[in-house]
There are 2 protein chains.
Amino acid sequence: MSFSISELQKLHDFACNLARRAGEYLRGDQSRRRQAQTLATREKLNSVDLVTAADEGVEKLIRDAIFAEYPSHAFIGEESYSAGEEKRFLLKDGPTWIVDPIDGTVNMVHMFPMTAISIGFCIASIPTVGVVFAPFLGGHGTLYSAINHPEGGAWMSEYGITGPITNLPIISPPPPLPKDAPKGCLFFGEWGKDRRDSPQSNLTKKSTNFVNMATEIGGRGGKGGMVHGIRSLGSSTMDMVYVASGQGDIMFEAGCWEWDVCGAMAILLQTGGIVVDSNPPLGISDTEPIPMANLGGRRYLAIRACSTDEDGKLPRTQQEALVREVWKRTERLNYERPM
Amino acid sequence: MSFSISELQKLHDFACNLARRAGEYLRGDQSRRRQAQTLATREKLNSVDLVTAADEGVEKLIRDAIFAEYPSHAFIGEESYSAGEEKRFLLKDGPTWIVDPIDGTVNMVHMFPMTAISIGFCIASIPTVGVVFAPFLGGHGTLYSAINHPEGGAWMSEYGITGPITNLPIISPPPPLPKDAPKGCLFFGEWGKDRRDSPQSNLTKKSTNFVNMATEIGGRGGKGGMVHGIRSLGSSTMDMVYVASGQGDIMFEAGCWEWDVCGAMAILLQTGGIVVDSNPPLGISDTEPIPMANLGGRRYLAIRACSTDEDGKLPRTQQEALVREVWKRTERLNYERPM
């Protein structure tokens, strides 16, 4: 099945409007909370894995609208997935919507504005339309979107539905990656929900990874990366969208799911970024091409778009070199897909 | 010297307008960068301690405007301080402006929007007027401000100069702190610029603190805090302003300076939050009152405003109890004031 650019444009505009409607819903919900001073939450995995009535309400709003407009398309949503029995990767080759009604639920509970509605649309398992709307970021919210297609584009809108838009990446053409990257890069990663205290836990390994990336060059037995900064926003959707837009360089995250990244990934791919597995494939050599991440693989290492550098190194060459430098400095994380 | 509320209101409005003008300057600068694709930076301490021409340009803009309007007031600015010889704490009792032209310079270089202009005004060493403007956060920027005075107030503006404003704290009255705090809290902290690899370095201690705060209750030899999340934004001004507004619970940061926190501290104090030393005073007992932070002390632990809880525990009692819980879980950091 193939879609023309004008069909994709229609899908894109539909998804943007839908994300803005979902954002209105959340803003209404938050403004009621400002009066009521409480928000009912339910725990999923543990006390930091929360679901609110708003998560479920927004997912229903989005699912109902998609079914009404595109009854033949498949739908994967975080809340229906979490409530169901089937934990395998459900993506098929047909047109499929992959939706996170609220990424950053903990932030929303605390009214910290790094919360996003993520709507992705895949064809043949490739993120093709992506919309990420952060309804609390600025008075009008901030909307990122893209059509991943040779005649497509990627955009940011910060002034509401009728306001001006910014083409992405935010600097175009994007600058080359820093010569000694990861030194000089802005690195995004999350602490996550696995909080077990043990030497092999994901929490322990993630903290090792962060310290390695932050430490001066030469430190940590050669693993010091001297990145410009480590940022943890509490939303892997927002982490990836900042890398997609060129407002950051590296996103390293594991434990999240396809609905957390599908929308942002469409934007990243369209701007010229790459996403690979955050664990290096076993036995990969230093020279062979690096395969792209499996959308359902739960481990993502994203690198922003860049231009050919002054030595003539192509973007993909710089990006893959940076991936190998990050892999050298990070421990393998224990997130797998339920089979 | 005392100021009437109407004089403070005038100072507040002047500082808000000045912060917006400085924001316009930065937005102009960024839009030129989007074309030129480069930003000249200079290193201060090391490759992550950057200063741009914009830092110095904005500081001059703010300093000149203040000298023109209030020639008798003192002025402390980050860039003039860094360029000077005198490293002692310069604050005197008279009316003094304390300004960070750009907090989050690394973010600005990468176009990540957590960058703020901070303008604080002290009387008798007390932050009395505070303005924090994040010019890239939303299309119109986001402005936080307060007059710390019984007849004052605290506000957030996200829609530009003529748009609606939100009273702070964002939920009013603010909810009590979580019963088992720090469990359930949103915690803000930064990795900082000290990247040395040694067991006693600030980097090592900060990472220990973050892991302790994140780990499940009972883990880490009883130090596990099971916070809802750890957020690192790359701007201590923004960290503190989110706690001031009630969009976060705890800010733990050391190594920054009075200009990074003075503006946000005025907002925090007005909303009912507290700021203490992030290192516990030596020998302090479990029951004596906790002294407030020294504005020039370079170590800050801020707790958001809260209301009396259902057991009748007063706000200050809850806040001090939470401070002690954070102190138990964190190592003393090595930041001192040059004498």
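Residues numbered from 1 in each chain as written. Chains lettered and ligands numbered in written order. Predicted model: local features only at pLDDT ≥ 70, side-chain atom pairs only at ≥ 80, totals over all residues. Heavy atoms only, no water.

1. Details of the pairing of strand E6 (residues 126–134) of chain A
Residue and element names in this part refer to chain A. So the rule is basically this: Note on classification: 1.4 Å probe, protein chains only; a residue is buried when its accessible area is under 20% of the maximum for its type, exposed when over 50%, partly exposed between these limits. For helices the rule is a DSSP run of H or I covering at least 4 residues; for strands it is a run of E covering at least 2, with both sets numbered from the N terminus onward. DSSP bridges decide pairing: two strands pair if at least two such bridges lie between them.
With 8 of 9 residues buried, E6 is to be regarded as a mostly interior element. Relative to E6, strand E5 (residues 116–123) is paired through 7 bridges, and the arrangement is antiparallel. When the sheet's bridge partners are listed, Phe 121 is paired in E6 with Val 129. Count of turn residues in the E5/E6 antiparallel hairpin: 2 residues, of which Ala 124 carries a positive phi of about 50 degrees. Pairing between E6 and strand E7 (residues 142–147): 6 bridges, direction antiparallel. Considered in E7, the bridge of Gly 130 is made with Ala 146.

2. So, the UniProt feature "binding site: Mg(2+)" (unreviewed entry) in chain A
Residue and element names in this part refer to chain A. Short version of the rule: UniProt positions are given in the numbering used here, feature names are shortened, and annotations may be inferred rather than shown by experiment. Whether two residues are in contact is decided by their heavy atoms, any of which lying within 4.5 Å being enough.
Those places that UniProt annotates as "binding site: Mg(2+)" (unreviewed entry) correspond, in this numbering, to Glu 78, Asp 100, Ile 102, Asp 103 and Asp 260. Despite a sequence span of 183 residues, these residues sit close together in the fold, their greatest C-alpha distance being 9.4 Å. Among residues more than four places away in sequence, those in contact with Glu 78 are Lys 44, Glu 59, Val 99, Asp 100, Pro 101, Ile 102 and Trp 259. Relative to the helices and strands, Asp 100 is located in strand E4 (residues 96–103).

3. A look at the sheet that holds strand E12 (residues 250–254) of chain A
All names here are of chain A. To be explicit about the condition: Only C-alpha atoms enter the line fits that serve as axes; for helices the fit covers just the stretch in contact. Angles between N-to-C directions range over 0 to 180 degrees.
Here we have 5 strands laid out as an open sheet, ordered E11-E10-E12-E14-E13, and mixed in their pairing. Of all the strands in the sheet, the pair left with one neighbour each is strand E11 (229–231) and strand E13 (274–276). Within this sheet the neighbouring strands show an average axis-to-axis angle of 20 degrees, counted without direction. Two strands pair when backbone bridges link them, and strand E10 (residues 186–188) and E11 are joined in this way by 3 bridges, in the parallel orientation. Residue Phe 187 lies in a different strand from E11, and its bridge partner there is Ile 230. This element, helix H7 (residues 258–271), spans E12, E13 and strand E14 (299–303) of the sheet and lies at about 20 degrees to E14.

4. Some remarks on the environment of Leu 233 of chain B
Looking at where Leu 233 of chain B falls in the secondary structure, it is placed in the loop between strand E11 (229–231) and helix H6 (236–245). Residue Leu 233 of chain B is classed as buried on the basis of its relative accessible area, which comes to 0%. In sequence terms Leu 233 of chain B and Met 114 of chain B are 119 residues apart; their C-alpha atoms lie 6.5 Å from each other. In this structure, Leu 233 of chain B is in contact with Phe 112, Arg 231, Ser 232 and Leu 233 of chain A together with Asn 107, Phe 112, Met 114, Phe 188, Glu 190, Met 238, Asp 239 and Tyr 242 of chain B, ignoring residues within four places of it in sequence.

5. Here we look at the packing of aromatic side chains
Remark: the centre distance and the inter-plane angle together describe each pair of aromatic rings, the angle taken between the planes. Cut-off, in case you're wondering: Pairing of aromatic rings covers Phe, Tyr and the six-membered ring of Trp, with a centre-to-centre limit of 6.5 Å; geometry is then stacked below 30 degrees between planes, edge-to-face above 60, and tilted otherwise.
Under the defined criterion, the tally for this structure stands at 31 aromatic pairs over all chains. Ring centres of Trp 97 of chain A and Phe 121 of chain A lie 4.8 Å apart, and the angle between their planes is 50 degrees; on these two criteria the pair is classed as tilted. Taken together, the positions of Trp 97 of chain A in strand E4 and Phe 121 of chain A in strand E5 put the pair 24 residues apart, joining distant regions of the chain. An aromatic cluster is defined as three or more aromatic residues linked by ring pairs; in this entry it consists of Phe 187, Trp 191, Phe 210 and Phe 252 of chain A together with Phe 187, Trp 191, Phe 210 and Phe 252 of chain B.

6. Description of helix H2 (residues 53–69) of chain B
We count it as follows: In this analysis, the expected span of each helix is defined as 1.5 Å times one less than the number of residues it contains.
With 17 residues, H2 of chain B extends 24 Å between its outermost C-alpha atoms, agreeing within 8% with the 24 Å of an ideal straight helix rising 1.5 Å per residue. All of the buried residues along H2 of chain B are Ala 54, Asp 55, Gly 57, Val 58, Glu 59, Leu 61, Ile 62, Ala 65 and Ile 66 of chain B.

7. Observations regarding the interface of chain B and chain A
Note the cut-off: Two parts placed together each lose some accessible area under a 1.4 Å probe, and the buried area is that loss summed for both. In the analysis that follows, any N or O atom pair within 3.5 Å is treated as a polar contact, provided that within protein one partner can donate a hydrogen and the other can accept it, and provided that, for residues neighboring in sequence, both atoms belong to side chains. Residues are grouped as follows: nonpolar covers Ala, Val, Leu, Ile, Met, Phe, Trp, Tyr, Cys and Pro; charged covers Asp, Glu, Lys and Arg; every other residue, Gly included, is treated as polar.
Taken residue by residue, the interface counts 62 residues in chain B and 62 residues in chain A. Considering only the side of chain B, the residues that lose the most area to chain A are His 110, Arg 195 and His 228 of chain B, jointly responsible for 14% of the buried surface there. Between chain B and chain A we count 31 residue pairs in polar contact (both at pLDDT 80 or more) in total. Every element with two or more residues in the side of chain B that touches chain A is listed here: helix H1 (5–36), helix H4 (105–110), strand E10 (186–188), helix H5 (202–214) and E11 of chain B. Top contributing element to the side of chain B that touches chain A by residue count: H5 of chain B, with 5 residues. A class-by-class count of the residues in the side of chain B that touches chain A yields 27 nonpolar, 22 polar and 13 charged.

8. Examining the environment of Tyr 300 of chain B
Residues and elements named next belong to chain B. Mapped onto the secondary structure, Tyr 300 falls in strand E14 (residues 299–303). Each C-alpha atom of the pair Tyr 300 and Arg 21 lies 29 Å from the other, and the pair is 279 residues apart in sequence. In terms of polar contacts, Tyr 300 uses its side chain to reach the backbone carbonyl oxygen of Leu 295, at 2.7 Å.

9. Some details on the packing of H6 of chain B against helix H7 (residues 258–271) of chain B
All names here are of chain B. The condition that has to hold: If an angle is under 35 degrees, it is roughly parallel; if it is over 145, roughly antiparallel; if it lies from 65 to 115, roughly perpendicular; otherwise it is oblique.
At a closest axis distance of 8 Å, the pairing of H6 and H7 adopts a crossing angle of 5 degrees. On the basis of their axis angle, the class for H6 and H7 is roughly parallel. Residues Ser 236, Thr 237, Met 240, Val 241, Val 243 and Ala 244 of H6 lie in contact with H7, whose contacting residues are Asp 260, Val 261, Ala 264, Met 265, Ile 267, Leu 268 and Thr 271. Of the residues in the contact of H6 with H7, the class split is 9 nonpolar, 3 polar and 1 charged.

10. Considering the relation of the copies chain B and chain A
Our working rule: The fit set for superposing copies consists of C-alpha atoms from residues with pLDDT of at least 70 in both; the fit itself is least squares.
After a rotation of 180 degrees and a shift along the axis of 0.0 Å, chain B superposes on chain A with an RMSD of 0.0 Å. In short, the pair behaves as if placed about a two-fold rotation axis. Taking the C-alpha atom as reference, chain B places Gly 138 of chain B closest to the rotation axis, 1.8 Å from it. Both copies share a contact surface, since 100% of the interface residues of chain B are interface residues in chain A too.

11. As for the environment of Cys 122 of chain B
Residues and elements named next belong to chain B. Residue placement: Cys 122 occurs in strand E5 (residues 116–123). Counting along the chain gives 140 residues from Cys 122 to Cys 262, while the straight-line C-alpha distance between them is 8.2 Å. Other than its neighbours up to four places away in sequence, Cys 122 contacts Leu 91, Gly 94, Pro 95, Thr 96, Ile 98, Pro 127, Thr 128, Cys 262 and Leu 295.

12. Let's talk about the domain arrangement of chain A
Residues and elements named next belong to chain A. In plain terms, the rule: Residue ranges for the domains originate in an automatic or database domain assignment. Only one rule defines a salt bridge in this text: a Lys or Arg side-chain nitrogen within 4 Å of an Asp or Glu carboxyl oxygen.
Along its sequence, chain A is organised into domain 1 (5–167) and domain 2 (186–328). Inter-centroid distance (C-alpha atoms) of domain 1 to domain 2 is 23 Å. Taken together, the contact pairs 42 residues of domain 1 with 28 residues of domain 2. Regarding the contact of domain 1 and domain 2, the summed buried area is about 2600 Å², with carbon and sulfur atoms giving 69% of it. Linking domain 1 with domain 2 are 0 salt bridges. For the pair domain 1 and domain 2, the interface holds 6 residue pairs in polar contact (both at pLDDT 80 or more).

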